[in-house]
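The residues making up each chain are set out below.
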Amino acid sequence: MKELTQIRDAVITALQGAGLRSEAAYPDRRVPKCTEALASVSVGAAEGRALGFCNYLGECADEHGGLRELYGKQLEGQITVEIRAERAQTCEDGCETASGVLLGSLPEGIAPGELRWEAMAWERETGLFLRKGTLSCQALFTAWAGEDSEFLDFILKGAMKT
């Protein structure tokens, strides 16, 4: 689902913007030894909801001054952030940075809900301290109908386009 990837990538970008090294969870390599905190981000359980009638929100002016049909949908999901570091204090500092970002610096299309952190643990497999957090959130996506009424992809509201 493209929308889950958009949420994950927006969170990674926000965490990196705050100076926290971040990547998508489940990399195709082993977790590297890290002297600085490393955040692994994934989006878990998600539930979709239509906005408007069959996702239709109405007509809006586009960037050229014309009218186009706008569609929207909302997802409720769980963002999981795992902070790993060699030292417990570094892991805790990474957790503090991540908390600030998750509760106050995400794109406008992601509305944070409850943030819950597990106790710090030692992960024997990686030899690193680990602290897992879960953020409940709502994400809003919008899409324009194309010129021939074909349906375009939903884009996270407030996310930067590249």
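These notes cover the structure that comes with them. (Residues numbered from 1 in each chain as written. Predicted model: local features only at pLDDT ≥ 70, side-chain atom pairs only at ≥ 80, totals over all residues. Heavy atoms only, no water.)

## Topic: helix 1 (residues 2-17)
Stage number 1. Under the 1.5 Å per step criterion, the end-to-end length of helix 1 is 22 Å for 16 residues, consistent within 8% with the ideal 22 Å.
Stage number 2. Along helix 1, the residues classified as buried are Glu3, Ile7, Ala10, Val11, Ile12, Ala14 and Leu15.
Stage number 3. One or two positions beyond helix 1, positive phi appears at Gly19, with a value near 90 degrees. (Helix = DSSP H or I, 4+ residues; strand = E, 2+ residues; numbered from the N terminus. Expected span 1.5 Å × (residues − 1). Buried < 20%, exposed > 50% of the residue type's maximum accessible area, 1.4 Å probe, protein only.)

## Some words on the environment of Gly72
Stage number 1. With respect to the helices, strands and loops of the structure, Gly72 is situated in strand 4 (residues 67-85).
Stage number 2. Residue class for Gly72 comes out buried when judged on its relative accessible area of 0%.
Stage number 3. Sequence separation between Gly72 and Gly58 is 14 residues; the distance between their C-alpha atoms is 9.7 Å.

## Looking at helix 2 (residues 88-104)
Stage number 1. If you check helix 2, its first and last C-alpha atoms are 24 Å apart, about what 17 residues at 1.5 Å a residue would give, namely 24 Å.
Stage number 2. For helix 2, the set of buried residues is Thr90, Cys91, Gly94, Cys95, Ala98, Ser99, Val101 and Leu102.
Stage number 3. In the core, the buried residues of helix 2 are packed alongside helix 1, strand 4, strand 5 (110-117) and strand 7 (128-144). (Contact = heavy atoms within 4.5 Å.)

## Description of the state of the cysteines
Stage number 1. Under the definition given, this model contains 0 disulfides.
Stage number 2. Unpaired in terms of disulfides, Cys91 finds its nearest cysteine sulfur in Cys95, a separation of 7.1 Å.
Stage number 3. With relative accessibility at 0%, the residue Cys91 sits in the buried group.
Stage number 4. Here Cys95 falls in the buried class, since its relative accessible area comes to 4%. (Disulfide = S-S within 2.5 Å.)

## A few points about the pairing of strand 4
Stage number 1. In this structure, strand 3 (residues 56-61) lies alongside strand 4, joined through 5 bridges in antiparallel fashion. Note that in strand 4 the partner of Glu59 across the bridge is Glu69. (Pairing = 2+ DSSP bridges.)

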